[in-house]
Amino acid sequence: MPVAYTTHNRILTVALSGDIDHHRVKGLLREVEGEIDQVLPRQLIVDCAGITFMDSSGIAVLLRLWQRMQELEGEIQVTGLPDQPARVLRAAGLQRLIPLT
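Residues numbered from 1 in each chain as written. Predicted model: local features only at pLDDT ≥ 70, side-chain atom pairs only at ≥ 80, totals over all residues. Heavy atoms only, no water.

Draft legend 1. Structural detail: the overall build of the protein chain. Looking only at helices and strands, the protein chain has 3 helices and 4 strands in total. Ordered by position in the sequence, the α and β elements of the protein chain form the string β-β-α-β-α-β-α. What you see for the protein chain is a C-alpha radius of gyration of 12 Å, in line with the 13 Å of a compact globule of 101 residues. Counting only residues that meet the buried cut, the protein chain has 44% of its 101 residues in that class. (Helix = DSSP H or I, 4+ residues; strand = E, 2+ residues; numbered from the N terminus. Rg over C-alpha atoms; globule rule 2.2 N^0.38 Å. Buried < 20%, exposed > 50% of the residue type's maximum accessible area, 1.4 Å probe, protein only.)

See below:
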């Protein structure tokens, strides 16, 4: 599934869709990190409204993006979480590092 990007005033929004699982993570991370390196955002918004399934690989993706934004001294926020991915992320306690809405 493709990833959609929008940028405005150094705020990068990444819209994810489809399944976020171990089959997709490596390419997804490479792609999103490449976009971050181009934009150098002060804020990253990860729009998860289009995600149909997420396993623990999604936790790894968001932790890596959080780490990258920490390196840039920026912020990250996750929005539009459907029920299943929200349960996975909250069970891992990710809300302690990243705002989940």
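Draft legend 2. Region of interest: the pattern of salt bridges. According to the stated counting rule, one finds 4 salt bridges in the structure shown. The salt bridge involving R64 is made with E33; its shortest N-O contact spans 2.6 Å. Of the two residues, R64 sits in helix α2 (residues 56-71) while E33 sits in helix α1 (residues 25-39), which places them 31 residues apart along the sequence. Relative accessible area serves as the criterion here: at 25%, R64 is assigned to the partly exposed category. Close ionic contact of D37 with R68 constitutes a salt bridge, the shortest N to O distance being 2.7 Å. Taken as a pair, D37 in helix α1 and R68 in helix α2 lie far apart in primary sequence, 31 residues in all. One connected set of salt bridges, linked through shared partners, spans E33, D37, R64, R68 and E71. (Salt bridge = Lys/Arg side-chain N within 4 Å of Asp/Glu carboxyl O.)

Draft legend 3. Structural context of the pairing of strand β1 (residues 4-8). Relative to strand β2 (residues 11-20), β1 runs antiparallel, the two being bridged by 5 bridges. Of the residues in β2, the one forming a bridge with H8 is I11. Here β1 hands over to β2 after 2 residues, with N9 in that stretch at a positive phi of 50°. (Pairing = 2+ DSSP bridges.)

Draft legend 4. Here's a closer look at the side chain of R68. According to the relative accessible area criterion, R68 is buried, its value standing at 13%. Each residue touching R68, except ones within four places of it in the same chain, is listed here: I36 and D37. (Contact = heavy atoms within 4.5 Å.)

Draft legend 5. Main features of the pairing of β2. Two strands pair when backbone bridges link them, and β2 and strand β3 (residues 43-54) are joined in this way by 9 bridges, in the parallel orientation. Looking across to β3, one finds that I11 is bridged to Q43. You can see the chain leave β2, run along α1 and come back into β3, and the turn it takes is right-handed. (Right-handed = clockwise from strand over helix to strand, strands pointing away.)

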